[in-house]
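Coordinate inspection notes
Take a look at the letters that make up each chain.
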Amino acid sequence: MTEPFAPESPLCLIALENGMGFYQAEPRGSFKRKEVTLGDSTNQQDSLRRVAIIGSGPGGLVAARYLKQHGFEPVVFEQADEIGGQWNVRSAHSGIWPSMVTNTSRLLTCFSDLAPEPSAPIFPPNQEILAYLKRYARLFGLLSHVRFNTRVELIERDPDGGGWLVRSSAAEKRSEKFLYVVVASGRFNKPLVPSLPGLELFRGAGGTLHSFDYKDPESFRHKRVLVVGCAISALEIASDLAMLGTLRVVSTFRRQRYVMQKLVAGVPGDALAFTRFAALNAEVTPKEILSKTTQDYILRVFGSPEQFGAFRPAGDFLSVGRALSQHFLPLVAEGRIAVKPWISEIHDRKVRFLDESSEEFDAIIFGTGFELSMPFLNPTISSVLDLDTQHADLYKHTFHPDLAGLAFLGLWEQTGPYFPPLELQARWITYVWSGIVPFPRRDQMNAGIAAYRSKRGESQLQAMHLMALLFAREANVEPDLREWPQLARALLFGPLSAISFRLSGPDHLRDAAERVATESRVLGTVRSAVFSSEQVAQLQVLADARRDSEFARFVDRIAKSPEIVSH
């Protein structure tokens, strides 16, 4: 059986039982046990092992899982009454709406230790993700480590020595000392609403709200609603309202993006786009070329928005990007969503647009993104990070050389599934603090932060596959393709799932190889170990560009015998 959307498709080029001892990294992926003395008294041992984790969303939970595995005692601070973070739709701190479905597929929206339920939809609803996180927390005994209804108010240095003071508020306020702190409070909790002339004068009965507060779709059923923005949330909410039978739905945005659907001939788009090959290729291919290839593919497979009655994309793919929505463009084509240019003025219930047309609305919903917000950091820490609404000076989004024992997890903005890179970042943090891998040198971190600062003002959007490889390399868990000949094709062109990083190194799993092969077959991206001629050609071009002799020899063996890669 052929693979109708095999990984040679240009979509693949889209950007973008350990006990209490620890491990010390050794050459060639071998790992020796290294006992660490934590102190003589029980109190001192407990103090050195305790790690404060801010948030019990996916990032906080996976951090707690690995830290606990390696001898630390996680203390998870959660301001809601249940775990899940954003996925806990009942929480006042969640921006999930009741009918929200993931835009990432189930095998890429899970951690390596726990596969999703076989009966789960390809794109699970939010309720299934919360149920998954609860199963994960029970599997690793994490619930007893969570302090519910406990809000972190301040993190500051301990003035009496090393470590950090965490001030929290629950039934009573308390301050505690921790040697280590992981900030996993999430990137999507402070809504961004653009400044618009007359916005404060809007008098529609449904008012104005951000997607973060979109909790009752049924309340808009007989209303005229304006949805602002061209990001995923805006297009999904507009689609949600249209399919619920809202009286009129109008979508407005500054710039029309390219729009992709979530499925390509039944195959999840993220399984095709976010692969190792795509990441390796993106590292050596000019972004202009990647952008052009991606743009051409989107137009060929999904069509251009103006063909559906929306606008022509306002520039090339590199400048305007893409949005992901399964239903938005077809609903525009059916007339169930109208599209308008940007807003020029708002007065009472009337909204005037840049094309001089105007309409009256009952409600305005903003799907216009979020600002980076960590209000619990004391001013000194914020100053060290040069923290603003979009940026934090961190080495590879994780550490700062002047903030030892403080790590940040999952606070970057990303396209693609978050779960695999979250797990890899949590592993890196754990392995550094455990002594499994060395802490980055100060000069390395300073150079990395300088490089990051040079791109302030540019788009901060990161690609999932690049982030996954970034953290995997730091954690020393990126598999050596030469050691897995029968998996080479699945590892290169199959989905970049979390299990593919459990083949070797610390915390490797015995069944990882079987699961990698199975997942590729299930998703329909790689059904055999035999490389296609197109893939061989792509790898040869990549080998020439990478100028890596070992990789070149590996590709040469594939070219000579694509059905198997021998040692």
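The structure under discussion appears in the preceding block.
Everything in this summary refers to the structure shown in the same document. (Residues numbered from 1 in each chain as written. Predicted model: local features only at pLDDT ≥ 70, side-chain atom pairs only at ≥ 80, totals over all residues. Heavy atoms only, no water.)

In this section: the overall build of the chain. Across its full length, the chain carries 17 helices and 26 strands. Computed over the C-alpha atoms, the radius of gyration of the chain is 24 Å, within 12% of the 24 Å expected from 2.2 N^0.38 for a compact globule of 567 residues. Its C-alpha atoms give the chain principal-axis dimensions of about 70 × 70 × 45 Å. Relative to its 567 residues, the chain shows a buried fraction of 56%. (Helix = DSSP H or I, 4+ residues; strand = E, 2+ residues; numbered from the N terminus. Rg over C-alpha atoms; globule rule 2.2 N^0.38 Å. Buried < 20%, exposed > 50% of the residue type's maximum accessible area, 1.4 Å probe, protein only.)

Evaluation of the coordinates by the stated rule reveals 38 salt bridges. Residue Glu-360 pairs with Arg-349 through a salt bridge whose shortest N-O separation is 2.7 Å. Separated by eleven residues along the polypeptide, Glu-360 in strand S21 (residues 358-360) and Arg-349 in the loop between strand S19 (343-347) and strand S20 (350-353) bring together distant segments of the chain. When its relative accessible area of 39% is taken as the criterion, Glu-360 is described as partly exposed. Taking the shortest distance from any N to any O, the salt bridge between Arg-482 and Glu-550 comes out at 3.0 Å. (Salt bridge = Lys/Arg side-chain N within 4 Å of Asp/Glu carboxyl O.)

This part covers unusual backbone geometry. The backbone of Ala-265 sits at a positive phi, close to 55 degrees, despite the residue not being glycine. Counting through the fold element by element, Ala-265 comes out in the loop between strand S15 (263-264) and strand S16 (267-268). Among the residues examined, Ala-265 registers a relative accessible area of 56% and is labelled exposed.

Once that is clear, we can look at the pairing of S19. As defined by bridge partners, S19 adjoins S20 across four bridges and the pair is classed as antiparallel. Residue Ile-346 lies in a different strand from S20, and its bridge partner there is Val-351. The turn linking S19 back onto S20 is made up of two residues, and Asp-348 within it adopts a positive phi angle of 55 degrees. (Pairing = 2+ DSSP bridges.)

Turning to empty space enclosed by the protein, a few remarks are in order. Counted as a void, the largest cavity has a volume near 170 Å³. For the largest cavity, the lining is made up of 13 residues, of which Ala-392, His-397, Leu-411, Trp-412 and Tyr-452 are closest to its centre. Grouping the constituent residues of the lining of the largest cavity by class yields seven nonpolar, four polar and two charged. Each pocket or cavity is described by its volume, and for the second largest cavity that value is around 50 Å³. (1 Å grid on protein atoms, 1.4 Å probe; cavity = no way out; pocket = protein on both sides within 12 Å on 5 of 7 lines; lining within 4 Å. Points joined across faces, edges and corners; volume = space filled by probe spheres on them. Nonpolar A, V, L, I, M, F, W, Y, C, P; charged D, E, K, R; others polar.)

Pairing is parallel across the open sheet formed by five strands, whose spatial order is S5-S4-S3-S9-S24. The strands lining the two open edges of the sheet, one partner per strand, are strand S5 (146-147) and strand S24 (406-408). Where strand S4 (residues 73-77) and S5 come together, two bridges link them in parallel fashion. Across the sheet, residue Val-76 finds its bridge partner in S5, namely Val-146. Contacts from helix H2 (residues 58-69) reach strand S3 (50-54), S4 and strand S9 (180-183) within the one sheet, and its direction differs from that of S3 by about 170 degrees. Taken strand by strand, helix H11 (residues 419-434) contacts S3, S9 and S24, and its axis lies near 165 degrees from that of S24. (Contact = heavy atoms within 4.5 Å. Axes fitted to C-alpha atoms, helices over the stretch in contact; angles between N-to-C directions.)

Below, the discussion takes up the sheet that holds strand S7 (residues 164-169). One open sheet holds the three strands; their spatial order is S6-S7-S8, and the pairing between them is antiparallel. The open sheet has two free edges, formed respectively by strand S6 (151-157) and strand S8 (173-178), since each of these has just one partner strand. Within this sheet the neighbouring strands show an average axis-to-axis angle of 20 degrees, counted without direction. When S7 meets S8, the two strands line up antiparallel, connected through six bridges. Bridge pairing in S8 places Trp-164 opposite Phe-178.

Where burial is concerned, most of S3 is hidden: five out of the five residues are buried. In the sheet, S3 pairs with S4 via five bridges, with the strands oriented parallel. Opposite Arg-50, over in S4, you have Glu-73 as the bridge partner. For the crossover from S3 across H2 to S4, the handedness is right-handed. (Right-handed = clockwise from strand over helix to strand, strands pointing away.)

The next thing to look at is the packing of aromatic side chains. One pass over the full model with this rule turns up 25 aromatic pairs. Here Trp-97 and Tyr-214 contribute two aromatic rings whose centre-to-centre distance is 5.8 Å and whose plane-to-plane angle is 70 degrees, an arrangement assigned as edge-to-face. Of this pair, Trp-97 sits in the loop between S4 and helix H3 (126-139) while Tyr-214 sits in the loop between strand S11 (207-210) and strand S12 (224-228), and the two are 117 residues apart along the sequence. On the basis of relative accessibility, which here comes to 7%, the residue Trp-97 falls in the buried class. (Phe/Tyr/Trp six-rings, centres within 6.5 Å; stacked < 30°, edge-to-face > 60°.)

For H2, with twelve residues, the first-to-last C-alpha span of 17 Å sits near the 16 Å given by 1.5 Å per residue. Buried within H2 we find Pro-58, Gly-59, Gly-60, Leu-61, Val-62, Ala-63, Ala-64, Arg-65, Tyr-66 and Leu-67. Buried residues along H2 sit against S3, S4, H3, S9 and H11. Downstream of H2 by a residue or two, Gly-71 has a phi angle that is positive, lying close to 95 degrees. (Expected span 1.5 Å × (residues − 1).)

Time to look at the packing of helix H6 (residues 276-284) against helix H13 (residues 464-475). Each pair of packed helices gets described by two things: the angle between the helix axes and the distance between those axes. Contact pair H6 / H13: the axes reach a minimum separation of 9 Å and the direction vectors enclose 85 degrees. The angle between H6 and H13 falls in the class roughly perpendicular. Across the interface between the two elements, Arg-276, Ala-278, Ala-279, Leu-280, Ala-282 and Glu-283 from H6 touch His-465, Leu-466, Leu-469 and Arg-473 from H13. Across the contact of H6 with H13, the residue classes break down as six nonpolar, one polar and three charged. (Parallel < 35°, antiparallel > 145°, perpendicular 65-115°, else oblique.)

Along the polypeptide, Ser-211 turns up in the loop between S11 and S12. Beyond its immediate stretch of four places on either side in the chain, Ser-211 contacts Gly-95, Trp-97, Ser-233, Ile-237, Ile-365, Phe-366, Gly-367 and Phe-370.

Membership of the largest hydrophobic core comes to 111 residues, with the highest contact counts inside it found for Tyr-136, Val-182, Leu-241, Trp-433, Leu-539 and Phe-551. The dominant element in this core, judged by the number of residues it contributes, is H11, at nine residues. Other than its neighbours up to four places away in sequence, Val-182 contacts Val-51, Ala-52, Ile-53, Ile-54, Ala-63, Leu-67, Ala-407, Leu-409, Ile-429 and Trp-433. Counting 23 residues, the second largest nonpolar core, distinct from the first, contains Val-152, Phe-178, Met-374 and Leu-394. (Core = buried A, V, L, I, M, F, W, Y, C linked by side-chain atoms within 4.5 Å.)

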